[in-house]
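# Tertiary structure, described
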Amino acid sequence: MMRPPQAPSQHQQQLRGNYAQAADDYTVPQDWQHYSADEHDIWRLLFERQLQLAHTYATPEFIAGMDKLGLSTQQIPKFDDTNKILRRLTGWKIVAVPGLIPEDHFFAHLAQRQFPVSVWIRGRNELEYLVEPDLFHDFFGHVPMLTHPVFARFMQAYGTAGPKAKALGAVHMLARLYWYTVEFGLIRTSHGLKAYGAGILSSPGETVYSIDSLLPHRIAFDLTRVLRTEYLIDDYQQLYFVLDSFEQLFHAGYDTDFAPLYQQYAQSPGIAPHQLLPEDHEFVDARLTL
Ligand code: HBI
Ligand code: FE
């Protein structure tokens, strides 16, 4: 029996997944035939609502990825079917896990081009908001971008970076990069700012807020700035970082030696999410940017 992972420090409640049957790498069978009709129904509800919003707010690469996956909106996807498509497109696969897994294992999966997807789905009483990742967040939010070759290469590089960050006592800095890109990233497109982050695109409220609200700051992506910036996990973001392109993200992650940045900043207090610096390039209105 596996011990469930230590919940991240900002988590107070117990993790909900069932870790009792997990293998050493925390994978479990998806056990698709055990989803109830009600769970398929919840999937359909979430999927239809979020796909509609994504057509307005998501970057075209996300929509293209969703199309390539060829999903039925009617039922929870079978991971084996998805994997046939992913393998052909980018060499990735998804693996089923009970929920959050320890970060060492999470990094190892990504480094092997495996994305861990939680098997449990939220209940009807929490359609709007969850702190822990469930099937809908992991699948709808993350899997479409894994069809994009450049983004997929970044994800693998991120996994590879994990042990190095750990050795230098800087996993908290590396996790900020994931948070502000993979989870809550925005990107400039010829149609204005769009979302690609899974935390945004799996949340109806934050999808609209991230682009349309005048409350959060949106600043140009800068690797060092991201690695230094703290984040909150239990509310809409006060700050988003905006990419010019996925190549920019890949080069930041792959071509940069993070070690000097870790050495310089790992012991320092982070920058608060609401704090702007003089050198930040802010996008004042997401819809009037270009
Ligand atoms: N486990 N299933 C799952 N999903 C995540 O996104 C995840 C995780 N474990 C650790 C983790 N994320 C973060 O600590 C990493 O970004 C560092
Ligand atoms: Fe996520």
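Residues numbered from 1 in each chain as written. Chains lettered and ligands numbered in written order. Predicted model: local features only at pLDDT ≥ 70, side-chain atom pairs only at ≥ 80, totals over all residues. Heavy atoms only, no water.

### Considerations on the sheet that holds strand E4 (residues 192-195)
For the record, the criterion: Pairing between strands is defined by DSSP: at least two bridges between the two strands are required. In DSSP terms, a helix is any run of H or I states spanning at least four residues, a strand is any run of E spanning at least two, and both are numbered starting from the N terminus. The angle between two axes is taken between their N-to-C directions and runs from 0 to 180 degrees, where each axis is a line fitted to C-alpha atoms and a helix contributes only its stretch in contact.
In space, the 4 strands of this open sheet follow the order E4-E3-E6-E5, with mixed pairing throughout. The two strands at the open ends of the sheet, each matched to only one other strand, are E4 and strand E5 (217-220). Averaged over all adjacent pairs, the angle separating strand axes in this sheet is 35°, with direction ignored. Of the strand pairs in this sheet, E5 and strand E6 (residues 239-243) are connected by 4 bridges, and their pairing is parallel. When the bridges of E6 are listed, Ala220 appears paired with Val242.

### Digging into the side chain of Thr189
Here is the rule: Burial status follows relative accessibility: with a 1.4 Å probe on protein chains alone, a residue under 20% of its type maximum counts as buried, one over 50% as exposed, and anything between as partly exposed. Identification of polar contacts relies on pairs of N or O atoms within 3.5 Å, with a donor-acceptor requirement for protein atoms, meaning one able to donate a hydrogen and the other able to accept it, and with residues adjacent in sequence counted only if both atoms are side-chain atoms.
One can find Thr189 in strand E3 (residues 186-189). A residue is classified by how much of its surface remains accessible, and Thr189, at 13% relative accessible area, is buried. Separated by 2.9 Å, the side chain of Thr189 and the backbone nitrogen of His191 make a polar contact. Of the polar contacts made by the side chain of Thr189, one reaches the backbone oxygen of Gly192; its length is 2.8 Å.

### Things to note about the nonpolar core
Side chains that are nonpolar tend, in soluble globular proteins, to be buried together. Selection rule: As used here, the term nonpolar core means buried Ala, Val, Leu, Ile, Met, Phe, Trp, Tyr and Cys residues forming a set that is joined through side-chain atoms within 4.5 Å. Two residues qualify as a contact provided that any one of their heavy atoms is within 4.5 Å of a heavy atom in the partner residue.
Grouped together as the largest cluster of nonpolar side chains are 91 residues, with contacts concentrated most on Phe115 and Leu177. Residues within four places of Phe115 in sequence aside, it is in contact with Trp92, Lys93, Ile94, Val95, Phe106, Leu110, Asp138, His142, Leu146, Met155 and Tyr178.

### Comments concerning the site of ligand 1
Note the cut-off: Distances are taken per atom, and a residue is near a molecule or strand as soon as one of its heavy atoms is within 4 Å of it. Note on areas: Shrake-Rupley with a 1.4 Å probe; residue coverage comes only from the protein chains shown.
Every residue near ligand 1 is listed here: Gly99, Leu100, Ile101, Glu103, Phe106, Phe107, Tyr158 and Tyr178. Expressed as a share of its isolated accessible area of 390 Å², the protein-covered part of ligand 1 is 86%. Residue contributions to the shell around ligand 1 peak at 3 residues, all from helix H4 (residues 103-111).

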